[in-house]
Amino acid sequence: MLIGRVTGTLVASQKDVSLEGFKLLILRQLDVEGRETGAHVVAADAVGAGVGDVVLWASGSSARQTEMTRDRPCDAVVMAIVDSWEIEGAQKYRKTPAGGPWAS
Amino acid sequence: MLIGRVTGTLVASQKDVSLEGFKLLILRQLDVEGRETGAHVVAADAVGAGVGDVVLWASGSSARQTEMTRDRPCDAVVMAIVDSWEIEGAQKYRKTPAGGPWAS
Amino acid sequence: MLIGRVTGTLVASQKDVSLEGFKLLILRQLDVEGRETGAHVVAADAVGAGVGDVVLWASGSSARQTEMTRDRPCDAVVMAIVDSWEIEGAQKYRKTPAGGPWAS
Amino acid sequence: MLIGRVTGTLVASQKDVSLEGFKLLILRQLDVEGRETGAHVVAADAVGAGVGDVVLWASGSSARQTEMTRDRPCDAVVMAIVDSWEIEGAQKYRKTPAGGPWAS
Amino acid sequence: MLIGRVTGTLVASQKDVSLEGFKLLILRQLDVEGRETGAHVVAADAVGAGVGDVVLWASGSSARQTEMTRDRPCDAVVMAIVDSWEIEGAQKYRKTPAGGPWAS
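Report follows, based on the coordinates. (Residues numbered from 1 in each chain as written. Chains lettered and ligands numbered in written order. Predicted model: local features only at pLDDT ≥ 70, side-chain atom pairs only at ≥ 80, totals over all residues.)

On to the interface of chain C and chain B, then. Facing 28 residues of chain C, the contacting portion of chain B comprises 26 residues. Here the residues of the side of chain C that touches chain B are counted per class, giving 16 nonpolar, seven polar and five charged. When strand 1 (residues 2-11) of chain B meets strand 7 (residues 84-87) of chain C, the two strands line up antiparallel, connected through four bridges. If you follow Leu10(B) over to strand 7 of chain C, its bridge partner there is Trp85(C). (Contact = placed C-beta atoms within 7 Å. Nonpolar A, V, L, I, M, F, W, Y, C, P; charged D, E, K, R; others polar. Pairing = 2+ DSSP bridges. Helix = DSSP H or I, 4+ residues; strand = E, 2+ residues; numbered from the N terminus.)

Our focus in this paragraph is the relation of the copies chain D and chain A. For the pair of chain copies, the relating operation is a rotation around an axis with a shift along it. Superposing chain D onto chain A takes a rotation of 72 degrees combined with a translation of 0.0 Å along the rotation axis, leaving an RMSD of 0.0 Å. In symmetry terms, the pair is related by a five-fold rotation axis. Counting the interface residues of chain D, we find that no more than 12% of their copies in chain A are interface residues as well, pointing to two distinct contact surfaces. (Least-squares fit on C-alpha atoms with pLDDT ≥ 70 in both.)

Rotating chain C by 72 degrees and translating it 0.0 Å along the rotation axis places it on chain B, where the RMSD comes to 0.0 Å. Of the residues that chain C buries at the interface, just 11% are likewise interface residues in chain B, meaning the two copies contact each other through different surfaces.

Let's shift gears to the interface of chain D and chain A. Facing 26 residues of chain D, the contacting portion of chain A comprises 28 residues. Elements represented by at least two residues in the side of chain D that touches chain A include exactly strand 1 (2-11), strand 2 (14-15) and strand 4 (36-45) of chain D. No other element matches the five residues that strand 1 of chain D contributes to the side of chain D that touches chain A. Its residues assigned to classes, the side of chain D that touches chain A shows eleven nonpolar, nine polar and six charged. Both strand 6 (residues 76-81) of chain A and strand 2 of chain D contribute to a ladder of two bridges, which runs antiparallel. When the bridges of strand 2 of chain D are listed, Ile81(A) appears paired with Gln14(D).

Residue and element names in this part refer to chain E. Relative to the helices and strands, Gly 48 resides in the loop between strand 4 (36-45) and strand 5 (54-59). By C-beta crowding, Gly 48 is classed as exposed, having 10 other C-beta atoms within 10 Å. Between the C-alpha atoms of Gly 48 and Ile 81, which are 33 residues apart in sequence, the distance is 8.7 Å. (Buried ≥ 20, exposed ≤ 12 C-beta atoms within 10 Å, placed from the backbone.)

Let us now look at the nonpolar core. In terms of nonpolar packing, the biggest core is built from 185 residues, with Trp57(A), Trp57(B), Trp57(C), Trp57(D) and Trp57(E) touching the most fellow members. Contacts of Trp57(B), omitting those with residues within four sequence positions, involve Met1(B), Leu2(B), Gly4(B), Leu27(B), Ala43(B), Ala76(B), Val77(B), Val78(B) and Met79(B). (Core = buried A, V, L, I, M, F, W, Y, C linked by C-beta atoms within 7 Å.)

We note that Glu88(B) has phi near 50 degrees; this positive angle belongs to a residue other than glycine. When you line up the elements, Glu88(B) lands in the loop between strand 7 (84-87) and strand 8 (90-94).

Attention now moves to the pairing of strand 8 (residues 90-94) of chain C. All names here are of chain C. Pairing geometry for strand 7 and strand 8, over four bridges, is antiparallel. Within the sheet, the bridge partner assigned to Glu 86 lies in strand 8 and is Gln 91. Between strand 7 and the antiparallel strand that follows it, strand 8, lie two residues; Glu 88 among them carries a positive phi value of about 50 degrees.

It is worth spelling out the arrangement of the chains at this point. Between chain C and chain D there is no contact, and the shortest C-alpha to C-alpha distance separating them is 10 Å. At their nearest point, the C-alpha atoms of chain A and chain E are still 10 Å apart, with no contact between the two.

Further remarks concern the pairing of strand 1 (residues 2-11) of chain C. Two elements, strand 1 of chain C and strand 5 (residues 54-59) of chain C, share four bridges in a ladder whose sense is antiparallel. Counterpart to Arg5(C) in the pairing with strand 5 of chain C is Val54(C).

In structure tokens:
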């Protein structure tokens, strides 16, 4: 899985029937220091994420293993909102109640 | 999923029987600002897209989850035509009725 | 799917039983202008392609969806020989009867 | 499969139900000399690995083939803790009882 | 599929039960001229390959289609030992009885 930040949303009304009801999020990939890498992806939302949230997303066939995405032509899914992570014992990110700034 | 613009079509008459009836589109990948990245792919069309359309496409086994592509040797499918997207609250793309210019 | 040109063949006699009967082709990837990108892959042949042919190939689990490759440890398959393609209305490639030069 | 070193952990409380009970590890990829390549990934833990362990991880649908990850939206899994490896007859890594320094 | 040379072996005793009995090989990727590209991968052995052998390996879900790897968390498998290949009519590699030097 990779870490991303939700930066936008995408709307598509003319689509395969299997895609009805999808909310499509645009993610920017983050590295483990919380910096944007420049890469992006469009992912289906399985957890009610919104712009600004730091999330975990899965790709490939694994993206079809949530209740919302099963048997759909979806190759990327947001399946968790990240609370925090740490590297070598140091906290690198902690979610704030208002989706606020990075932890120091 | 990734965003692309349909730039061409490809014809192949000598092919595996499972490919009969496919319309094959050539896509150029777009970044979230709507710029071409230089990458391209050949994808099966599941939504009636045409040259000039900005589309959403899926890859891998997920490309076989549309009605048209099920159980076929297809690893990329156009499964939606994009209406619009926005990043950090700013609209980056909006489809015009004639498939016209980018929104400002 | 991606476009490639068949440049060679590979022989392997000591192999998993599920690979019996495979013809293995070496492909060089082409971009949409018909130029070699430098990347290559070894793919199973599902359509009777030969050296010099410009072909379409699929990767991943989709490579197992032809009659020849079903349930085999094959992650790349040539499933079509390309007749022609065009970009923005201009023909970029057209197959000649003798597998000859590129169309102008 | 690729070799990685566990460098951290990630917590996510708001997630798809299929992810309950997962322990999420942050890995840094190692090359065959044991050097970090700069790439990282978030993987589910199937073997009780901890920070500092050198592990083997699988990606894609193969990541769902452990007891812990079956049918879950998981595209990366740690499925073994590495004891040692050698290249051209020379030992490049050997696990020490305390998870200590690299073998010379 | 891609071509690689077996350069080493890896041992892991603490692993998911589904991995019992695997022999893990370290491969260096070769290009079609027989040169190392610098990339490597750890693959399960399905054909009795040893250090020095030039092999063909498959990745992703296709790596689970051999007798040895079915339903296991394995995303790379060596499923053939290469005898020879040729590019544009010129032999680029031929296996020697002792696993010896490259063909001229």
